[in-house]
Amino acid sequence: MTDGTTRVFTWEESARIEVRNLGGEIVIEANAAGLKTLAGHLLALAQDGTPDGAHLHLEENNGLEEGSVSLILERCDDE
């Protein structure tokens, strides 16, 4: 909940998301359900009224496949 507005981050059934750090590149590999899940998370953060700095942590034990590096999705409206 941010500024009295609840943001719902939903997961598609059988979503699979893996994040790898290849040195100079980050790879986000996902099945169709995982891509829909990520798109939904980004749309939730993009909703009107979502404050600057609102964010979501995705980690190996929190939605990402085993061996994944952590991923933070954050809204930043500063130019």
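Coordinates for the structure precede this section.
First things first, this report covers the structure right here in the doc. (Residues numbered from 1 in each chain as written. Predicted model: local features only at pLDDT ≥ 70, side-chain atom pairs only at ≥ 80, totals over all residues. Heavy atoms only, no water.)

## Topic: the nonpolar core
Here is step 1 of the chain: One finds Ile17, Val19, Ala30, Leu38, Leu45, Ala54, Leu56, Leu58, Leu64, Leu71 and Leu73 forming the largest nonpolar core, which totals 11 residues.
Here is step 2 of the chain: When residues of this core are traced back to their parent elements, those giving at least two are strand 1 (17-21), helix 1 (32-46), strand 3 (55-58) and strand 4 (71-74).
Here is step 3 of the chain: Look past the residues within four positions of Ala54 in its chain and what remains in contact with it is Leu45, Leu73, Glu74 and Arg75. (Core = buried A, V, L, I, M, F, W, Y, C linked by side-chain atoms within 4.5 Å. Buried < 20%, exposed > 50% of the residue type's maximum accessible area, 1.4 Å probe, protein only. Helix = DSSP H or I, 4+ residues; strand = E, 2+ residues; numbered from the N terminus. Contact = heavy atoms within 4.5 Å.)

## Things to note about the pairing of strand 1
Here is step 1 of the chain: Both strand 1 and strand 2 (residues 26-30) contribute to a ladder of five bridges, which runs antiparallel. Residue pairing in the sheet places Asn21 in a bridge with Ile26 of strand 2.
Here is step 2 of the chain: Turn length for the strand 1-strand 2 hairpin, with the two strands adjacent in sequence and antiparallel, is four residues, and the turn residue Gly23 shows positive phi of about 90°. (Pairing = 2+ DSSP bridges.)

## Some thoughts on the side chain of His41
Here is step 1 of the chain: Turning to its location among the elements, His41 is positioned in helix 1.
Here is step 2 of the chain: We classify His41 as buried; its relative accessible area is 0%.
Here is step 3 of the chain: Excluding anything up to four places from it in sequence, His41 contacts Phe9, Thr10, Trp11, Leu56, Leu58 and Leu73.

## Side note on the environment of Glu59
Here is step 1 of the chain: If you trace the backbone, Glu59 turns up in the loop between strand 3 and strand 4.
Here is step 2 of the chain: When the C-alpha atoms of Glu59 and Arg20 are compared, they prove to be 12 Å apart, with 39 residues separating the residues in sequence.
Here is step 3 of the chain: When residues no more than four places from it in sequence are discounted, the contact partners of Glu59 are Leu64 and Ser70.

## Overview of the pattern of salt bridges
Here is step 1 of the chain: Per the stated rule, a full pass over the model turns up four salt bridges.
Here is step 2 of the chain: When the shortest N-O distance is used, the salt bridge between Arg20 and Glu29 registers 3.3 Å.
Here is step 3 of the chain: The exposure class of Arg20 is partly exposed, given its relative accessible area of 27%.
Here is step 4 of the chain: Here Arg75 ties to Asp77 by a salt bridge, and the two come within 2.9 Å at their closest N and O atoms. (Salt bridge = Lys/Arg side-chain N within 4 Å of Asp/Glu carboxyl O.)

## Some words on the side chain of Thr37
Here is step 1 of the chain: Relative to the elements of secondary structure, Thr37 occurs in helix 1.
Here is step 2 of the chain: On the basis of relative accessibility, which here comes to 1%, the residue Thr37 falls in the buried class.
Here is step 3 of the chain: A distance of 3.0 Å separates a polar atom in the side chain of Thr37 from the backbone nitrogen of Glu12.
Here is step 4 of the chain: Leaving out residues up to four positions away in the same chain, Thr37 has contacts with Thr10, Trp11, Glu12, Ala15 and Ile17. (Polar contact = N/O pair within 3.5 Å; in protein donor to acceptor, adjacent residues only side chain to side chain.)

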